[in-house]
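# Survey of secondary and tertiary structure
This is what each chain is made of:
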Amino acid sequence: MWTREEKQKIVAYYRRAHIARCPTDRALLTMQDVRTGSEPDDDSTAAFVVYCPTCRQSFMSSTVELPPPGNSPCLD
Ligand SMILES: [Zn+2]
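Below: a short report on this structure. The structure presented is a predicted model; accordingly, all values stated were derived computationally and were not measured.

Here the focus is unusual backbone geometry. Excluding glycine, residues mostly have negative phi values, and the peptide bonds linking residues are mostly trans. In this structure, Arg 26 takes a positive phi of about 65° despite not being glycine. Mapped onto the fold, Arg 26 is located in the loop between helix 1 (4-17) and strand 1 (30-33). Here Arg 26 falls in the exposed class, since 10 other C-beta atoms lie within 10 Å of it. Positive phi, close to 60°, is recorded for Arg 56, a residue that is not glycine. Along the polypeptide, Arg 56 turns up in the loop between strand 2 (48-51) and strand 3 (58-60). Arg 56 gets classed as exposed once you count the C-beta atoms within 10 Å, which come to 7.

Moving on, we come to the environment of Cys 55. Of note, Cys 55 is situated in the loop between strand 2 and strand 3. With residues near it in sequence (within four places) discarded, Cys 55 still touches Cys 22, Thr 24 and Asp 25.

A word on the sheet that holds strand 1. Neighbouring strands of a sheet are bound in pairs by backbone hydrogen bonds; such pairs are parallel or else antiparallel. Spatial ordering of the open sheet is given by 1-2-3, a layout of 3 strands whose pairing is antiparallel. Edge positions in the open sheet fall to strand 1 and strand 3, since each of these has one partner strand only. Strand-to-strand twist of the sheet, defined as the mean angle between neighbouring strand axes without regard to direction, takes the value 20°. Bridge count between strand 1 and strand 2: 4 bridges; the pairing is antiparallel. What sits directly across from Thr 30, in strand 2, is Tyr 51.

Taking 1.5 Å per residue as the helical rise, helix 1 with its 14 residues ought to reach 20 Å, and the 20 Å between its terminal C-alpha atoms agrees with that figure. Along its buried surface, helix 1 packs onto strand 2 and strand 3. After helix 1 finishes, the residue His 18 shows a positive phi value of roughly 60°.

So, how was this worked out
Residues numbered from 1 in each chain as written. Predicted model: local features only at pLDDT ≥ 70, side-chain atom pairs only at ≥ 80, totals over all residues. Helix = DSSP H or I, 4+ residues; strand = E, 2+ residues; numbered from the N terminus. Buried ≥ 20, exposed ≤ 12 C-beta atoms within 10 Å, placed from the backbone. Contact = placed C-beta atoms within 7 Å. Pairing = 2+ DSSP bridges. Axes fitted to C-alpha atoms, helices over the stretch in contact; angles between N-to-C directions. Expected span 1.5 Å × (residues − 1).

Rendered as structure tokens:
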């Protein structure tokens, strides 16, 4: 199982590089935007599901990612 720290690194790295590998087996991870069901846009900040096709672990980015401090939700 991935640790919480590993999950945070995966999400943080993916946000920067738009690509991430499984810390367990180095497989290329699949990301799925929770709203669209497809790969997140490069500029997307929405939550996404991380899935490893090799070891079949998965988690949602929002479970390890906190919203930026002082960034209040947009009320439109
Ligand atoms: Zn894996």
